[in-house]
Amino acid sequence: MSNRPTFNIPDTVKEDTNNYPALVEQFIKGDLDDARFKGRRVPMGIYSQRGYEPGEERYMVRVRVPGGVVTKEQLRTLNELSKEYGNGYVHITTRQDVQIHQVKIEDTPEVLFKLLEAGLSPRGGGGNTVRNILNSARAGVNPEEAFDTTPHNLALTEYLIKTRSSFNLPRKYKIAFSSDPKDDSLATLNDLGFIAIKQDGKRGFKVYGGGGMGGSSELGIVLEEFVEEDKIFHIAEAIKRFFDEYGDRSNKHRARLRFVRKRLGDEEFVNKYKEYLAEVLAEDLEVEDLNRYEELRESKGEKIDLTADYLYQEKVEGYYSLELRMENGDISYDELNSLLDLLGDSEISLRTTIKQGLLIRGVKGQQLERLIEKINQVNPNLVVSNMGTMPVSCKGASTCKLGLCVSPNLSEAIREKLITLGDKLQAALPQIYISGCPNVCGQHIIGNIGFEGKAKRYNDRLVPHYALFLGGNVEEGNSKYGEAAIDIPAKRIPEFLAELAKLLADDQDYNRVDFNEYLDKGGKDKIVELAEQFIEIPTYEEDPDIYKDWGKEEDFSLAGRGPGECGAGVMDIIQLDINTAKSNYQKAIKEEDNNELYKATVNASRSLLAVRGIDTDKDRVILSKFKTEFIDKNLVDKGYAEVLDAALDYKLGDIDSLLSYQGQIKGLIERVEFLFNSLNAKLEFELEEVTSDNNNEDKNILDSKVVDLRGVKCPMNFVKAKVAIAPLDSGEILDIYLDEGAPIANVPQSLASEGHEILSKEKREDGSYSLRVKKA
């Protein structure tokens, strides 16, 4: 029996890697357009990164680390590649992948070949495919586990990624293995999850399915109470075929397996799964071998009297696993090299963790103190005594095009604040999870405490906020997602957490281990009451800093976010206004508040005006423009004009109540949201057939040979530029004036991403820029 897990990269992955350089060459020569190239590179694990000028783009290579199993030699390879081709850092993700950042596209083929030589590949790191399959980082050494799930994880990975049909699914297909019921790899929260159990002496799994985090997060439901271990291939294949057949490819936002479950209902979902499983079981499925192994434990370890968040006792007495927690999952080239130099013992093995860390396994008790001392010399933040001071965070708006807030910077600010507290206060906080947007890459909904990035509008300016989530938990039979409790400005969160640590440490009813029980017994009210002391937003003149994100000098903006860069920023603004309208309406009904009904009407009306390039904070203009742009153009029923008139009458004092219109106001919000959901990536209503000719402002733009967008903020300048380009014929040229700073940084990038050619960008005498664009 081997003393190391075995994973073999399938030949099909090697073939796809060999074919990749030709795609890159075609793209660079201009023979392959960006959209088509994107469709080929993303399934190879190559993502574009935000913040770069056209022609200077950089890419992230997300390397699949099956089950988190990585050797010291492989980590050295990843580290060398990050230095030679990237930014000199490697990043460990919450899915146990390792990412190399800021790679030039022309270098990606070389990176892929060098990874292949090391037994690694990014194939399937992105796209609508089987993503990296999670595994318990302690599998194989955990004394409480049923058995080691690593051979199952690696064999199933080989089975699924060798088949090209696994790379053309409706959306992501996420799978996890947990080796014990504590479910430390989130098996109950994935599309498909296996939890190791033994029954009558036989190894097998309890199987969960239809779970997932993100939009409309769901806990998985039980598909099988027990299946023998050799049936994992059949179950994964059955779910794959089921998903492939029933997943909604027409709407990527509702394409994941959990939406199939929602559509069918739990009972029918399970029945359908059983049908596909029966079909698979009737076939002679060609599965992979379960290559078992046993790690070396040749010498005697000494038992030590030490308990700490970062230390785990192993099956073999006297041996321990040491968890390193990299800040935001990042570790520099020099630090990783020095760390690997310390790990020369042949009994030591490594695993990446879902908390963006690295687990060092097989450390003898007598070696621990010295090893920790040496690691602290490399970086004193790697061995963290209190997990609450080292948040788990996605990359957020720092590199991700979907990010809203710069979550890594918030994470650093939190840590800087909390490590100034005494040990008792630090120990009071549980692990904190942060996502820079609602996409849950930072897993904020599974933490006792989590934060979700969002934008809120105050005084007609955007302010970076995070929703505080409380009560998440992961454990087989007791998993639950946290719930949003209150929104807190980003800049106030570290201070809030410091005060929360004091509150918890002084509260005799509190025990960190039973955090959720504390919430249920009145703790949640205490925490929310405390948070309410940190939510006030002063005017910009009183405190401009609160209008900026952590680590940023400029005011918070949604410019530069999303696949269409500014385009997605517009979507975020629309969603923000719709959410605000809903909140206004709910409060109005609860408190019979006419002012809130009025606000609901105005915010609902304002939301979609962004699509028309109209950005105003004047209520009268908002109501008027909504009427001309949406009611008069038959996108909204003419009956709602009465509601707009009533709102204006209320504002002018002609009527004193809007309560009799509450049903129509609710209908207006629903119609606006329906229209929002019909928008395509080009900000067009898929049911729209009209132009913007009735909009005087846009008509002026259309009539001009030069579009002057100086003084127009992001992302409205992008929308107005789109309006101006829309009537041009392909190949026609337009000049656009833009302000320096964010406008000239983002608008060209956004236009280029839609296929338009940026011919020139010249600074003008007044400091603004002249942008010459050729329509695609």
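Small disclaimer: the values here were computed from a predicted structure and weren't measured.

Peer 1: Describe the sheet that holds strand β13 (residues 330–332), naming the residues involved and giving the relevant values.
Peer 2: Pairing is antiparallel in the open sheet, where five strands are placed in the order β1-β2-β5-β4-β13. At either margin of the open sheet sits one strand with a lone partner, and together these are β1 (46–48) and β13. Across the sheet, the mean angle from the axis of one strand to that of its neighbour is 30°, orientation sign disregarded.

Peer 1: Mind laying out the packing of helix α1 (residues 11–29) against helix α4 (residues 108–117), listing which residues take part and the relevant values?
Peer 2: It is at 9 Å that the axes of α1 and α4 come closest, and there the two elements cross at 165°. By the angle class used here, α1 and α4 are roughly antiparallel. With respect to the hand of their crossing, α1 and α4 are arranged in left-handed fashion. Residues K14, T17, N18, Y20, P21 and V24 of α1 lie in contact with α4, whose contacting residues are T108, P109, L112, F113 and L116. Its residues placed into classes, the contact of α1 with α4 shows seven nonpolar, three polar and one charged.

Peer 1: Give me the lowdown on the pattern of salt bridges, citing residues and values where you can.
Peer 2: Under the definition given, this model contains 49 salt bridges. The salt bridge partner of E15 is R164, with a shortest N-O separation of 3.0 Å. You can see E15 sitting in helix α1 and its partner R164 sitting in the loop between α5 (150–161) and β7 (175–178), a full 149 residues away along the chain. The exposure class assigned to R164 is partly exposed, which follows from its relative accessible area of 41%.

Peer 1: Can you explain the sheet that holds strand β6 (residues 134–135)? Please cite residues and give values.
Peer 2: Strand pairs in the sheet, formed through backbone hydrogen bonds, run parallel or antiparallel to each other. Read from one edge to the other, the open sheet built from five strands follows the order β6-β7-β8-β9-β10, with strand pairing classed as mixed. A strand with exactly one partner marks an edge of an open sheet, and here the two such strands are β6 and β10 (221–228). Pairing of β7 with strand β8 (residues 192–199), which is carried by four bridges, proceeds in the parallel orientation. What sits directly across from A176, in β8, is G193. Packed onto the sheet, helix α8 (residues 266–281) meets β9 (202–209) and β10 and runs at close to 30° relative to β10.

Peer 1: Break down the environment of N168 for me, with residues and values.
Peer 2: Here N168 shows up in the loop between α5 and β7. Exposure remark for N168: the relative accessible area of 55% places this residue in the exposed category. Counting along the chain gives 41 residues from N168 to G127, while the straight-line C-alpha distance between them is 8.3 Å.

What counts, and where the lines are drawn
Residues numbered from 1 in each chain as written. Predicted model: local features only at pLDDT ≥ 70, side-chain atom pairs only at ≥ 80, totals over all residues. Heavy atoms only, no water. Pairing = 2+ DSSP bridges. Helix = DSSP H or I, 4+ residues; strand = E, 2+ residues; numbered from the N terminus. Axes fitted to C-alpha atoms, helices over the stretch in contact; angles between N-to-C directions. Parallel < 35°, antiparallel > 145°, perpendicular 65-115°, else oblique. Left-handed = near helix turned anticlockwise from the far one by under 90°. Contact = heavy atoms within 4.5 Å. Nonpolar A, V, L, I, M, F, W, Y, C, P; charged D, E, K, R; others polar. Salt bridge = Lys/Arg side-chain N within 4 Å of Asp/Glu carboxyl O. Buried < 20%, exposed > 50% of the residue type's maximum accessible area, 1.4 Å probe, protein only.

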